Amino acid sequence: MEVQSSLNLEIVPKEVHLYRDGLNEDLAVSVVDRLDFMPQQAIWESHPAGLDYDITEEGVLIKNTTSDISNSPYQLCASVLDSSGCYTKVCEKVEFLEGPKASLLVIGSVQCTTSHVNLGINTVLLPGQNAVFKLLDCDGNLLYDTSGNPYIHYNQFEIFKNVPLTNGSCFKLASFFTDGLLQEFGGSYISTLEISIPQGVPVVLTPDTTICTGQSTTIKVVNAASYSAFSWQPPQGNVSSFTVSPVTTTQYSVTATQSNGCTATGTVTVTVNPKITGRISGKDVICAGDSTVLTASGGIKYLWNTGATTDHIIVKNEDQYTVTVTDLSECITTAAKQVSVTPLPSAVISGINMICTGKNNMLTASGGDDFLWNTGQRSPSILINTSGIYTVTVTSKNCTSTAHKVVEFSYSSLLLRSKVDTMYIKAGQTYLYTLLSDSYSEEDSIKIRQINTHEAFLKTHSMDQKGLLSIESEKSFVKNIELAYEICDRCGKCVTRKLILIDEQFKDIFLPSFITPFANGNTHLKFSPDQLKEAELWVFNQLGQLIYYKKGYDNSLDMEAYPAGVYYYILGISGMKIKRAFVLVR
């Protein structure tokens, strides 16, 4: 310090502060009169450019430091009035000191999952220097203070442990240092640190979905490539997608981890609609020819395997019928019913269809398990004693069929085609003829017997139960043969059957029985057919006298010359002689 007066005056820096980062930018310098000097008598003649000052009782307060610190030290001069009334100029070099710079740093790395962090203070202290650190957030709230234990060591770290973090956390470090001489703080420094927590990539999942009971759905992390690991609840393993089929509504959550340790979460809800139950009502078994109505329930829409879309169908065939049922939630189920068709039983009534007066007859039904007669009886067999129509309903496996039988009293007349019949035969051949009618039944007890026959050369044989008649003629015959047979039923009632046999080769021969000129004016004795011209003819009067004979007769005899009366002729043909009488009428 340079002293330019008799006064022992000096300018003493009272406080030299250099504040950074906007906390306090005032610099105070004080002049001390060690010889009872009154500071008001000091006149400052010069001060560093860009500095404002105020005169106080203690000296001059320099404020609003804007000068570059690189211009330090500054030359400060003052003119001081002494006791003799003289001004003495006093100058002093004042050096603005900056305390050691302390900086904040993160001890360790900041991960996405970090909620606290350790902060370290990096600074260098000169020998004899002390430091006090105050940790604040960027809003000025004090987080940590070391005033109770100031640093006095060289190159020492202070660590603020477990400092809470949020994304974009901001911290300020206020450091205060002493010069080691006056043991007062000689400077301060502000260090600012902003910490950002790395942000994880949001999980993109397949959207919430609704399924029906029994259905499946796939849950997937759409942006799975952004992650290295996955943890699901409920557990599904370290996978990015999986297929589930929950039975109840379930929420699936995932924690996805990136390679940098960041995690993200997401949830998917799978809503499960209740299971619907489809039903088909209707008969399982129907009888052949019957039908049943199958009715579906459990939904609002129906589709049958027959193609029908109504809630009911009418079926009559044996098959399995299925229906697809859809409810309000578009959930689908199926139902099936097997319909079987039972064949109708074959109802049969056995027993003869004739009943004898005063006797019983048995009718027996078959073809099923249960029987119901129109008489009210339920046994397979019944005894009857009256004629009529008997009906039985036969039941088997709940299916029924009916049979009828007409029972009449003595019906022999029904056994005959007619009471008289004609049959043409030829010598040397055998013929069969049916004596009974089509109404004949083998159950009937029929007796057939021959009453008479007129020719010894005729062979006949009857088969009683079949009603067949075997006839054979050993030789030709001109005169028709009449046979009589008696047919008796089981009740003992009999009828007579007549059968006329005619030799086939003479069936067309006309043998006249009278001659008259009144019909056609012709009195010729004529035969037919023409092939009879080879025959011989003898004509006799009623006295037995031969009046005409001709071999190879040609219908040329004219009876005009003969009197009316009875005449006889013998017609010889094929080795046989036919004798007849005829009347000549005038």
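**Q** Mind showing me how you'd approach the overall build of the protein chain here?
**A** When helices and strands are counted, the protein chain shows one helix and 46 strands. Taken across its 586 residues, the protein chain has 38% of its residues classed as buried. Looking at the protein chain alone, contacts between residues at least 24 apart form 53% of all its contacts between residues at least 6 apart. Carbon and sulfur atoms provide 49% of the accessible area of the protein chain, an area that totals close to 32400 Å².

**Q** How should a nonpolar patch on the surface be read in this particular structure?
**A** Residues F514, V566, Y568, V583 and V585 make up a contiguous nonpolar surface patch of about 390 Å² in total accessible area. On the secondary structure map, V585 appears in the segment after β46 (576-584). Overall, the relative accessible area of 33% leaves V585 in the partly exposed class.

**Q** Could you clarify how one ought to interpret the sheet that holds strand β31 (residues 370-373) in this entry?
**A** For sheets, the rule is that strands pair by backbone hydrogen bonds, running either parallel or antiparallel. One open sheet holds the four strands; their spatial order is β29-β34-β33-β31, and the pairing between them is mixed. Unpaired on one side and paired on the other, β29 (354-355) and β31 mark the two borders of the sheet. Across two bridges, the pairing between β29 and strand β34 (residues 399-409) is parallel. If you follow I355 over to β34, its bridge partner there is F409.

**Q** I tried to follow the packing of aromatic side chains on my own but got confused; where do I start?
**A** Both the distance between ring centres and the angle between the ring planes are used here to describe each pair of aromatic rings. Summed over all chains, the structure comprises nine aromatic pairs. Centre to centre, the rings of Y567 and F582 are 5.7 Å apart; their planes meet at 20 degrees, and the pair counts as stacked. Here Y567 is found in strand β45 (residues 565-573), whereas its partner F582 is found in strand β46, with 15 residues between them in sequence. The residues Y567 and F582 share a single accessibility class, namely buried. For the cation-ring pair, K577 lies above W538, with the distance from its terminal atom to the ring centre recorded as 4.9 Å.

**Q** Sorry, what's going on with the pairing of strand β20 (residues 263-273) here?
**A** Along any regular strand, the residues point their side chains to alternate faces of the sheet. In this sheet, β20 lies alongside strand β15 (residues 209-212) in parallel orientation, the contact comprising four bridges. Paired with C212 across the two strands is N273, which belongs to β20. Where strand β19 (residues 250-257) hands over to β20, the hairpin turn is made up of five residues, of which G261 adopts a positive phi near 95 degrees.

**Q** Would you mind going over the environment of S191 with me for this structure?
**A** Mapped onto the elements of the fold, S191 is located in strand β14 (residues 185-195). S191 gets classed as buried once you look at its relative accessible area, which sits at 9%. Sequence-wise, S191 and S103 are 88 residues apart; in three dimensions their C-alpha atoms are separated by 5.4 Å.

**Q** Got a minute to help me understand the pattern of salt bridges in this structure?
**A** Should their charged atoms come close, side chains of opposite charge can pair. A full pass over the atoms with the stated rule returns five salt bridges. With a shortest N-O distance of 3.9 Å, E482 and K498 are connected by a salt bridge. Of this pair, E482 sits in strand β40 (residues 481-488) while K498 sits in strand β41 (residues 494-503), placing them 16 residues apart in sequence. Owing to a relative accessible area of 34%, E482 belongs among the partly exposed residues under this scheme. Look at K498 and you get partly exposed, because its relative accessible area is 36%. Here D554 ties to K550 by a salt bridge, and the two come within 3.4 Å at their closest N and O atoms. Under the relative-accessibility criterion, D554 is labelled partly exposed at 37%.

**Q** Please explain the sheet that holds strand β25 (residues 312-315) as it appears in this structure.
**A** Read across the open sheet, the three strands follow the order β21-β23-β25; overall the sheet is antiparallel. The sheet terminates laterally at β21 (279-281) and β25, the two strands that pair on one side only. Direction aside, neighbouring strands of the sheet carry axes that sit 25 degrees apart on average. Two strands pair when backbone bridges link them, and strand β23 (residues 292-297) and β25 are joined in this way by four bridges, in the antiparallel orientation. When the bridges of β25 are listed, L294 appears paired with I313.

**Q** What should I look at first to understand the state of the cysteines in this one?
**A** Here, the word disulfide means a covalent bond between the sulfur atoms of two cysteines. Taken as a whole and assessed by the stated rule, the structure comprises three disulfides. A disulfide bridge connects C138 with C170, and the sulfur atoms are separated by 1.2 Å. Here C138 and C170 share a disulfide; its torsion about the S-S bond, -55 degrees, makes the bridge left-handed. Pair noted here: C138 is in the loop between β10 (131-137) and β11 (142-145) and C170 is in strand β13 (residues 169-178), with a separation of 32 residues, a long-range link. With a relative accessible area of 30%, C138 lands in the partly exposed category. Exposure remark for C170: the relative accessible area of 16% places this residue in the buried category. Disulfide pairing is shown between C287 and C399; the S-S distance is 1.9 Å. Measuring handedness by torsion sign, the sulfur bridge of C287 and C399 sits at about -100 degrees and is left-handed. Taken as a pair, C287 in strand β22 (residues 285-287) and C399 in strand β34 lie far apart in primary sequence, 112 residues in all. On the basis of relative accessibility, which here comes to 10%, the residue C287 falls in the buried class.

**Q** Whenever I open this one, the nonpolar core confuses me. Can you help?
**A** Burial of nonpolar side chains together is a common tendency in soluble globular proteins. Counting residues in hydrophobic clusters, the biggest one holds 21 residues, and the most contacted among them are L525, L537, V539 and F582. Mapped onto this core, the elements with two or more residues apiece are β43 (536-541), β45 and β46.

**Q** What should I look at first to understand the confidence of the model for the protein chain in this one?
**A** Regions with low pLDDT should not have their predicted coordinates read in detail. For the protein chain, the mean per-residue pLDDT works out to 77, and 72% of the residues sit at or above 70. Under a pLDDT of 50 for its full length, residues 1-40 has, in the predicted model, 100 contacts with residues more than four places off or in other chains. Low confidence marks residues 180-187, where pLDDT is under 50. Its contacts with residues over four positions away, or in another chain, come to 20 contacts.

**Q** Sorry if this is basic, but what is going on with unusual backbone geometry here?
**A** In terms of backbone geometry, most residues other than glycine have negative phi values and most peptide bonds are trans. Residue P234 is bonded to the preceding Q233 through a cis peptide linkage, with omega at -5 degrees. With respect to the helices and strands, the residue P234 is situated in the loop between β17 (229-233) and β18 (241-244). In this structure, K397 takes a positive phi of about 55 degrees despite not being glycine. Mapped onto the fold, K397 is located in the loop between β33 (388-396) and β34. Among the residues examined, K397 registers a relative accessible area of 62% and is labelled exposed.

**Q** Would you take a moment to explain the environment of I211 for this structure?
**A** Residue position: I211 is located in strand β15. Residue I211 is classed as buried on the basis of its relative accessible area, which comes to 4%. Along the primary structure I211 and N273 are separated by 62 residues, whereas in three dimensions their C-alpha atoms are 6.2 Å apart. I211 has contacts with S216, T217, P246, V270, T271, V272 and N273, leaving out every residue within four places of it along the chain.

Cut-off values and rules
- Throughout, residues of each chain are indexed from 1 in the direction in which the sequence is written.
- Restriction of local features to residues with pLDDT of at least 70 applies here, the model being predicted, together with a cutoff of 80 or more for giving and counting side-chain atom pairs; totals for whole chains, interfaces and linings are based on all residues.
- Only heavy atoms go into the side-chain values, all of them from the structure, while hydrogens and water stay out.
- Secondary structure elements follow DSSP: runs of H or I of four or more residues count as helices, runs of E of two or more count as strands, with numbering from the N terminus.
- To sort residues, take the accessible area from a 1.4 Å probe on protein chains only and compare it with the maximum for the residue type: under 20% means buried, over 50% means exposed, and anything in between is partly exposed.
- It only takes one pair of heavy atoms within 4.5 Å for two residues to be counted as in contact.
- For accessible areas, the Shrake-Rupley method is used with a probe of radius 1.4 Å. Any residue's cover is judged against the shown protein chains and nothing else.
- A patch is a set of surface residues, each over 30% in relative accessible area and not in a salt bridge, joined within 9 Å for like charges and within 5 Å for the nonpolar side chains Val, Leu, Ile, Met, Phe, Trp and Tyr.
- Basic side-chain nitrogens of Lys or Arg form a salt bridge, by our definition, when they fall within 4 Å of a carboxyl oxygen of Asp or Glu.
- Two strands make a pair as long as DSSP finds a minimum of two bridges between them.
- A pair of Phe, Tyr and Trp rings is counted when the ring centres sit within 6.5 Å of each other, with Trp represented by its six-membered ring. The angle between the planes then sorts it: under 30 degrees is stacked, over 60 is edge-to-face, the rest tilted.
- Note on criteria: charge over ring means Lys NZ or Arg CZ within 6 Å of the ring centre, with the direction from the centre no more than 35 degrees off the ring normal.
- Axis geometry follows a simple rule: fit a line to the C-alpha atoms, using only the stretch in contact for helices, then measure angles between N-to-C directions, giving values from 0 to 180 degrees.
- Counting rule for disulfides: a pair of cysteine sulfur atoms within 2.5 Å.
- Working definition of a nonpolar core: buried Ala, Val, Leu, Ile, Met, Phe, Trp, Tyr and Cys residues. They are joined through side-chain atoms within 4.5 Å.
- Here pLDDT means the predictor's own confidence in every residue, given as a number from 0 to 100.

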